[in-house]
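Take a look at the letters that make up each chain.
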Amino acid sequence: MTLRIYNTLTRQKEAFKPIDSKHVKMYVCGPTVYDSAHLGNARPVVVFDVLYRLLTHLYPKVTYARNITDVDDKIIKAAKKNNESIDTLTKRTTDKYHQDMAALNALSPDIEPRATQHIQQMIDIIKILIDKGHAYAAEGHVLFSVKTDPNYGTLSGFDKDQIISGARVEVAPYKNDPEDFILWKPSTDAMPGWESPWGVGRPGWHIECSAMAKAYLGETFDIHGGGIDLVFPHHENEIAQSSCCNDGKKLANYWMHNGHLGVNGEKMSKSLGNFFTVSEKLSEIPGEVIRYVLLATHYRQPLDWTGDVAGQAKNILDKFYNALDGNERQVVDINSGLLESLQDDLNIPLALSHLHELVSEIHKTGDADQKNKLQNELRVSANLLGLLYQDPHQWFKSAQGQAIEAGEIETLIQQRRQARADKDFALADKIRDELTAKGVVLLDSSDGTAWRYK
RNA sequence: GGCCGAGUGGCAGAGUGGUUAUGCAGAGGACUGCAAAUCCUUGUACAUCGGUUCGAUUCCGGUCUCGGCCUCCA
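Described below are features of the structure shown in this document. Remember, it's a predicted structure, so these values are computed and weren't measured experimentally.

Thoughts on the pairing of strand E5 (residues 135-138)
Strand direction decides the pairing type here: E5 and strand E6 (residues 141-144), joined by four bridges, are antiparallel. Across the sheet, Ala-138 pairs through a bridge with His-141, a residue of E6. Where E5 folds back on E6, the antiparallel hairpin that results is connected by two residues, among which Glu-139 adopts a positive phi of roughly 50 degrees.

Pasting the structure below:
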């Protein structure tokens, strides 16, 4: 089976044919570093992380680029509000982002370019666009002339004329046409600015991705990903800029977009106050649980973070890790059903069902070698999803907010052992209940009593 | 208003023109001094109204509901 991908450009699943089958290139829109990442920001990171792992499994070489946008008006505003410098803010937020995404077990991209380090490349593209008649300078701004691009709207399906009819913003006076968008804008002394042929200024929102993708992946590359909300205007404008700059060449062959994340049936937003940051959630539940929740819904579907989705995910991961207990590592193949599921437009929920099948087989087989092999199959298969990478013991003893220390638990277990030897089951049960109340589970076996945090 | 997506059993969530998704939770049983884990059994879902069809949750059309986007960002 070959990899099939739903392409937003064509609105259908297509067989994936890389430009160079020896080297696949992918670009995903990264964060604007003005604030902590929220769960919605984490979804594309985790989803495309699985795609990256899958591509790496299927192809000899993969280059994955994900940008850091460190120049933006939101950053200017946030820095002012926090009373800190822009550099301090972007550095702090970027570090936090890396920390949060690592806690979700997302691999680092191969390249993580920063917008502020590619201003010259942006200026170069803008110059070419002006030379080719696709852009014009006006009052210190440079604007892209949408009507000069006959293909504008192919990604989003929007009609150029309709875009304006529903517009909710006032049209700036320096625009030739209302639908034109900014490539470059002037900066005051209080704003970050760079010398340019159009005066001191800063880039518009979309140009950075065009510049950095071109710099690292070339004029046309394989896959471009991001959240569904970026389809318009961000990706539409990226395509317009890049293809008009590069003689009509396609920017990317496949466009993939993940669905939105909601909370309790509502859109996650600051104004509604239903806004969870990743680090906030990480203080409550393990990163792997968050990752599981983000993967348990197909990436193109909307995902609703309701009250107990995390609890369900925790139970499932407990079950998986329990099945992995006692495993001795050996090299085995990834489960074929899981691999096929992933190759069908990244059907991760279906892939997870194959993990459950493996768990069931592990418990049912009576053969120790077979069991060990199946456990390894479970582990390496889950690893392709970035799951089950911990040692089971580590997993079960790293619960958040533990109310009792390991030493104390051991002491109580010894007391209970004596009570059981004395057939004083009332006392033994009292100790069990006491520990249960503190989130500790006791596991009796012929070898003695082990324990876990629940 | 325009474009797009979605409505599946208590919950989460795949998929399919006719045959079990899967999981979580629940119930009953086995095992266990008691538990946990595990195993067995159990629950006959696909918004609504029409149409096509031998047969539709699955295709087509209407309706209702929900969500996203409709530019330089709240």
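Resuming the write-up.
Re the pattern of salt bridges
Tallied over the full model, the rule gives 19 salt bridges. A salt bridge links Lys-13 to Asp-344; the shortest N-O distance between them is 2.9 Å. Of this pair, Lys-13 sits in strand E2 (residues 12-15) while Asp-344 is found in the loop between helix H11 (336-343) and helix H12 (348-364), placing the two residues 331 residues apart along the sequence. Judged by relative accessible area, Lys-13 falls into the partly exposed class, the value being 33%. The salt bridge involving Arg-300 is made with Asp-345; its shortest N-O contact spans 2.7 Å. In this pair, Arg-300 sits in the loop between helix H9 (287-295) and strand E13 (303-305) while Asp-345 sits in the loop between H11 and H12, placing the two residues 45 residues apart along the sequence. Given the relative accessible area of 1%, Asp-345 is considered buried. Among the charged side chains, a salt-bridge network with shared partners connects Arg-416, Arg-420, Arg-432 and Asp-444.

A word on the packing of aromatic side chains
For the structure shown, the criterion picks out 11 aromatic pairs. Relative to Tyr-453, the ring of Trp-451 lies with its centre 5.1 Å away and its plane at 80 degrees, an arrangement referred to as edge-to-face. Members of the aromatic cluster, connected to one another through ring pairs, are Phe-16, Tyr-59 and Tyr-254. Sitting over the ring of Tyr-6, Arg-300 keeps its end group 4.0 Å from the ring centre. Over the ring of Phe-396 we find Arg-452, and its NZ or CZ is 3.7 Å from the ring centre.

With respect to the protein's contact with RNA strand B
Taken together, 52 residues form the shell around RNA strand B, and within it Lys-74, Lys-175, Glu-179, Asp-429 and Asp-444 come nearest. Atoms of RNA strand B within 4 Å of the protein: sugar and phosphate make up 63%, bases the balance. Considering every element that reaches the surface near RNA strand B, the biggest residue donor is H12, with six residues. Looking at the surface near RNA strand B residue by residue, the classes come out as 18 nonpolar, 16 polar and 18 charged.

Looking at the pairing of strand E7 (residues 181-186)
Strand direction decides the pairing type here: E6 and E7, joined by three bridges, are antiparallel. Across the sheet, the residue bridging to Val-142 is Trp-184, located in E7. Sheet topology note: the E7/strand E8 (residues 201-203) ladder contains three bridges and is antiparallel. Residue pairing for E8: Lys-185 is matched across the bridge by Arg-202.

What about a negative patch on the surface?
On the surface, a cluster of negative charge is made up of Glu-405, Glu-408, Asp-429, Asp-433 and Glu-434. Considering every element that reaches the negative patch, the biggest residue donor is helix H16 (residues 425-437), with three residues.

Concerning the side chain of Thr-93
Within the secondary structure, Thr-93 sits in helix H3 (residues 86-103). Beyond its immediate stretch of four places on either side in the chain, Thr-93 contacts Val-33, Tyr-34, Asp-35 and Ser-36.

Focus on unusual backbone geometry
The step from Phe-232 to Pro-233 runs through a cis peptide bond, and the omega angle for that step is 5 degrees. Structurally, Pro-233 can be placed in helix H7 (residues 231-245). The phi torsion at Asp-247 lies on the positive side, around 55 degrees, for a residue other than glycine. Within the secondary structure, Asp-247 sits in the loop between H7 and strand E10 (252-258). Given a relative accessible area of 64%, Asp-247 falls into the exposed group.

A few points about the nonpolar core
Leu-55, Trp-305 and Leu-385 are the most contacted members of the largest nonpolar core, which totals 74 residues. Broken down by element, the residue count for this core peaks at 11 residues, all from helix H1 (residues 39-58). Both of domain 1 (4-258) and domain 2 (262-398) provide at least three residues apiece to this core. Among the nonpolar cores identified, the runner-up in size contains 38 residues, and Cys-29, Phe-181, Ala-211 and Cys-244 belong to it.

Points about helix H6 (residues 207-217)
The buried fraction of H6 is high, at eight of 11 residues. When we look at burial in H6, the residues that qualify are Ile-207, Glu-208, Cys-209, Ser-210, Ala-211, Met-212, Ala-213 and Leu-217. Remark: Gly-218 follows H6 within two positions and exhibits a positive phi of approximately 95 degrees.

A word on the environment of Phe-48
Within the element layout of this structure, Phe-48 appears in helix H1. A residue is classified by how much of its surface remains accessible, and Phe-48, at 0% relative accessible area, is buried. Along the backbone, Phe-48 and Gly-225 are 177 residues apart, and their C-alpha atoms lie at a distance of 7.6 Å.

The rules behind these values
- Residues numbered from 1 in each chain as written.
- Chains lettered and ligands numbered in written order.
- Predicted model: local features only at pLDDT ≥ 70, side-chain atom pairs only at ≥ 80, totals over all residues.
- Heavy atoms only, no water.
- Pairing = 2+ DSSP bridges.
- Helix = DSSP H or I, 4+ residues; strand = E, 2+ residues; numbered from the N terminus.
- Salt bridge = Lys/Arg side-chain N within 4 Å of Asp/Glu carboxyl O.
- Buried < 20%, exposed > 50% of the residue type's maximum accessible area, 1.4 Å probe, protein only.
- Phe/Tyr/Trp six-rings, centres within 6.5 Å; stacked < 30°, edge-to-face > 60°.
- Lys NZ or Arg CZ within 6 Å of the ring centre and 35° of its normal.
- Near = heavy atom within 4 Å.
- Nonpolar A, V, L, I, M, F, W, Y, C, P; charged D, E, K, R; others polar.
- Patch = residues over 30% accessible without salt bridge, like charges linked within 9 Å, V, L, I, M, F, W, Y side chains within 5 Å.
- Areas by Shrake-Rupley, 256 points an atom, 1.4 Å probe, with all protein chains shown as cover.
- Lys, Arg positive; Asp, Glu negative; His and termini not counted.
- Charge placed at Lys NZ, Arg CZ, Asp CG, Glu CD.
- Contact = heavy atoms within 4.5 Å.
- Core = buried A, V, L, I, M, F, W, Y, C linked by side-chain atoms within 4.5 Å.
- Domains from an automatic or database assignment.

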